[in-house]
Amino acid sequence: MKITEDGEPYGLITNIQKYTIHDGPGIRTEIFFKGCPLRCIWCSNPEGQSYEQQIGIYPSKCIGLSKCSLCINSCPRGTDTPIKTEDDRLLSLQEIPECKNCFRCAEECPSRAIMIWGKKMSVPELMKVILEDRNFYLKTGGGVTLSGGEVMLQWEFAALLLKACRDASIHTCVESSLYCPTEHMEKVYEATDLVITDIKHMDTERHKEYTGVGNELILKNIKRTAELKKPLVIRIPVVPDHNNSEKNIRATGEFIRDVLGNHVIQLQLIPFRKIGTEKYATLNLPYPMGDFSPPERSVWEKNLLRLTEIMKEYNIPAVAGSSQKMC
Ligand code: SF4
Ligand code: SF4
């Protein structure tokens, strides 16, 4: 676990979203942890992948280097290092060799065209934000959801934060790929009320092709979660031409019925949406799915409903999307 110079443990947090309603019951505060061991090709949060603070650049917000250049002038690398521009707007500072991650460029930018992905936050700092909405949690049965990135990558800090929430009688949910050592997961579960996880593909080779890792450890940890009797919500991010075959859906249904029994309180089939492309651009990264686009909405919705009906044949409480009440 990372510790500040004052001895305070901290987590690296990409974002805090208030009033979320899809990741757990009621109204929630969602904390996004930075860093993830997977590289799902459909990921819509690329800023959550690296476990380092990063700069992201929104060229459309840049007021122009000929008028401003505060970013370049403040950079300790000097003003003569190459950068990428288009129509006088800053496109990339990554051309600068050995960026020191000092973030002076972001601090100096007057138009917030340069932002820092990842903020170091302690448990008391996060609890201050979380407790602001305590009345909403109480009225709606909501609480706090830790998401990412991958929560389990910062498991010690996550366990501390969840314990603080539980001590404050706040419902806790963890959304995780469960690609992590089982003992880390179990430590995090000590103060977790609900777990949300994905089954992205039942064929480990296809899983590896789409996410960078096989599915064995994930399925083992899902099984262990059920053995521990943790309320469990499973999601399938349904991506056309990737994991939406009837064969894969039935294999997932068989696994849930035969291995997880009645511990799954809801199975959500989540439709693929092409979002996050602008965030890839801010990081100077290519969008991994290129120009892939799903079939038109009516066709796609029909397909999703058909897959949901198949899941019901296995007596699984399956729903399309994540907006239906889960518990
Ligand atoms: S973060 Fe990198 S690009 Fe920005 S000022 Fe520091 S060294 Fe320069
Ligand atoms: S400091 Fe910001 S607004 Fe000014 S040139 Fe750099 S990116 Fe553009």
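Source: prediction; values computed, not measured.

Cut-offs used in this document
Residues numbered from 1 in each chain as written. Chains lettered and ligands numbered in written order. Predicted model: local features only at pLDDT ≥ 70, side-chain atom pairs only at ≥ 80, totals over all residues. Core = buried A, V, L, I, M, F, W, Y, C linked by C-beta atoms within 7 Å. Buried ≥ 20, exposed ≤ 12 C-beta atoms within 10 Å, placed from the backbone. Helix = DSSP H or I, 4+ residues; strand = E, 2+ residues; numbered from the N terminus. Contact = placed C-beta atoms within 7 Å. Expected span 1.5 Å × (residues − 1). Arc of directions from axis to C-beta. Pairing = 2+ DSSP bridges. Axes fitted to C-alpha atoms, helices over the stretch in contact; angles between N-to-C directions. Domains from an automatic or database assignment.

**What about the nonpolar core?**
Moving on, step 1. With 56 residues, the main nonpolar core has Phe33, Leu146, Ala158 and Val188 as its most contacted residues.
Moving on, step 2. The element contributing the most residues to this core is helix 5 (residues 155-167), with seven residues.
Moving on, step 3. Discounting chain neighbours no more than four positions away, the residues touching Val188 are Val151, Met152, Trp155, Ala158, Ala159, Leu162 and Val174.
Moving on, step 4. In this structure, Leu90, Leu93, Cys105 and Cys109 belong to the second largest nonpolar core, which totals 11 residues.

**Some points on helix 8 (residues 216-227)**
Moving on, step 1. For helix 8, with 12 residues, the first-to-last C-alpha span of 17 Å sits near the 16 Å given by 1.5 Å per residue.
Moving on, step 2. Burial in helix 8 covers these residues: Ile218, Asn221, Ile222 and Thr225. Along helix 8, the residues classed as buried sweep out an arc of 105 degrees about the axis, all on the same side. When the buried face of helix 8 is taken as reference, the exposed residues oriented beyond 90 degrees from it are Glu216, Lys220 and Glu227.
Moving on, step 3. Against helix 6 (182-189), strand 10 (194-198), strand 11 (232-238) and helix 9 (246-260) lie the buried residues of helix 8.

**With respect to the sheet that holds strand 10**
Moving on, step 1. Ordered by their spatial adjacency, nine strands build an open sheet running 7-1-2-8-9-10-11-12-13, and the pairing between neighbours is mixed. Sheet topology places strand 7 (119-122) and strand 13 (318-320) at the edges, where each strand pairs with a single neighbour. If you compare each strand with its neighbour and ignore which way they point, the axes differ by 30 degrees on average.
Moving on, step 2. Where strand 11 meets strand 12 (residues 264-271), seven bridges bridge the pair, whose relative direction is parallel. Residue pairing across strands places Val233 opposite Gln266, the latter belonging to strand 12.
Moving on, step 3. In the packing of helix 11 (residues 297-312) onto the sheet, contacts are made with strand 11, strand 12 and strand 13, and the angle to strand 13 comes to roughly 175 degrees.

**Observations concerning the domain arrangement of the protein**
Moving on, step 1. Taken domain by domain, the protein holds domain 1 (10-51 + 120-320) and domain 2 (54-117).
Moving on, step 2. For domain 1 versus domain 2, the distance between C-alpha centres works out to 33 Å.
Moving on, step 3. Of the residues lining the interface, six residues belong to domain 1; the matching set on domain 2 comes to seven residues.

**Overview of helix 11**
Moving on, step 1. For helix 11, with 16 residues, the first-to-last C-alpha span of 23 Å sits near the 22 Å given by 1.5 Å per residue.
Moving on, step 2. The inward-facing, buried residues of helix 11 abut strand 11, helix 9, strand 12 and strand 13.

**Some thoughts on the pairing of strand 1 (residues 10-20)**
Moving on, step 1. Here strand 1 runs beside strand 7; their pairing, made up of four bridges, is antiparallel. Directly across from Tyr10, in strand 7, lies its bridge partner Ser122.

**A word on the environment of Arg104**
Moving on, step 1. Locating Arg104 in the fold gives a position in helix 2 (residues 104-108).
Moving on, step 2. On the basis of neighbour count, Arg104 is assigned to the partly exposed category, with 15 C-beta atoms found within 10 Å.
Moving on, step 3. For the pair formed by Arg104 and Ile114, sequence separation is 10 residues and the distance between their alpha carbons is 10.0 Å.
Moving on, step 4. Other than its neighbours up to four places away in sequence, Arg104 contacts Ser74 and Cys75.

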